[in-house]
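Residue strings, one per chain:
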Amino acid sequence: MTNILKFAGFALAGVSSFAQAQSGPEVTPYRPGAGSPAILSATGYFEIEGGYDFAKAGGVKVDALGLTLKYGMSDNVGLFFGVPYLRARANGQSESGIADSVFGLKWVTKLNAEKAWGVQLTSTLPTGKDGFRADNPS
């Protein structure tokens, strides 16, 4: 299953690169955090962003495959909706499934041609499988 998830991530990256080369607007990542660029998707365009992450700590291994649908509403406002798929393994056992979905709004204002400032507001929907839900402490 891990190889399938890795292949899916690489395939999405290739499709994204090909689509970007074939069309005019630049594809921009919506990754939360200090390193996230304050740039939006092109106005009036949908983008799909995919990613793969792996973490290992204390004998627990977790694979995560995420897909995010983004839409540029204007030069200053963008919407996004993401669905992560997780697989956790520990002590010879494995559990996998969809985690809580994330949706949000990203607002950006350009300070000048080289600098911009942005705010990203997010919320979750309780769509996750038991064990992968934010409101389930077990």
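Description of the structure in this document. Being a predicted model, the structure only gives us computed values, none of them experimental.

1. Considerations on the overall build of the protein
Okay, step 1: For the protein, the count of helices and strands is 1 helix and 6 strands.
Okay, step 2: Listed N to C, the secondary structure of the protein is α-β-β-β-β-β-β in terms of helices and strands.
Okay, step 3: By residue count, 23% of the 138 residues in the protein fall in the buried class.
Okay, step 4: Considering only intrachain contacts with a sequence separation of at least 6, the fraction spanning at least 24 residues in the protein is 47%.
Okay, step 5: Counting only carbon and sulfur atoms, one obtains 61% of the accessible surface of the protein, whose full area is about 8,900 Å².

2. Notes on the pairing of strand 2 (residues 60-72)
Walk down a regular strand and you will see the side chains alternate between the two sheet faces.
Okay, step 1: Both strand 1 (residues 46-57) and strand 2 contribute to a ladder of 12 bridges, which runs antiparallel. Paired with Ala-57 across the strands is Val-60, a residue of strand 2.
Okay, step 2: Between strand 1 and strand 2, which pair antiparallel in sequence order, lie 2 residues; one of them, Gly-58, sits at a positive phi of approximately 55°.
Okay, step 3: In the sheet, strand 2 pairs with strand 3 (residues 77-90) via 12 bridges, with the strands oriented antiparallel. Bridging from a neighbouring strand, Ala-64 pairs with Leu-86 of strand 3.
Okay, step 4: Following strand 2, the chain reverses through 4 residues before pairing antiparallel with strand 3.

3. Brief notes about the side chain of Ser-101
Okay, step 1: As for its position among the elements, Ser-101 is in strand 5 (residues 101-110).
Okay, step 2: Here Thr-127 takes part through its side chain, which lies 2.8 Å from a polar atom of the side chain of Ser-101.
Okay, step 3: For Ser-101, the contacting residues outside a window of four places in its chain are Phe-81, Gly-82, Val-83, Pro-84, Ser-123, Thr-124, Leu-125 and Thr-127.

4. Describing the packing of aromatic side chains
Okay, step 1: A complete count under the given rule lists 2 aromatic pairs for this structure.
Okay, step 2: An angle of 40° between the planes, with centres 4.6 Å apart, marks the rings of Phe-46 and Tyr-71 as tilted. With a gap of 25 residues between them, Phe-46 in strand 1 and Tyr-71 in strand 2 connect regions that are remote in the sequence.
Okay, step 3: Its relative accessible area of 59% is what places Phe-46 among the exposed residues.
Okay, step 4: Relative to Trp-117, the ring of Trp-107 lies with its centre 5.9 Å away and its plane at 80°, an arrangement referred to as edge-to-face. A residue pair is termed long-range when its members are at least 10 positions apart, and Trp-107 in strand 5 and Trp-117 in strand 6 (residues 116-125) qualify at 10 residues.
Okay, step 5: On the basis of relative accessibility, which here comes to 35%, the residue Trp-107 falls in the partly exposed class.

Rules of the game
Residues numbered from 1 in each chain as written. Predicted model: local features only at pLDDT ≥ 70, side-chain atom pairs only at ≥ 80, totals over all residues. Heavy atoms only, no water. Helix = DSSP H or I, 4+ residues; strand = E, 2+ residues; numbered from the N terminus. Buried < 20%, exposed > 50% of the residue type's maximum accessible area, 1.4 Å probe, protein only. Contact = heavy atoms within 4.5 Å. Areas by Shrake-Rupley, 256 points an atom, 1.4 Å probe, with all protein chains shown as cover. Pairing = 2+ DSSP bridges. Polar contact = N/O pair within 3.5 Å; in protein donor to acceptor, adjacent residues only side chain to side chain. Phe/Tyr/Trp six-rings, centres within 6.5 Å; stacked < 30°, edge-to-face > 60°.

Read these as layout, nothing more, since geometry by itself doesn't imply function.
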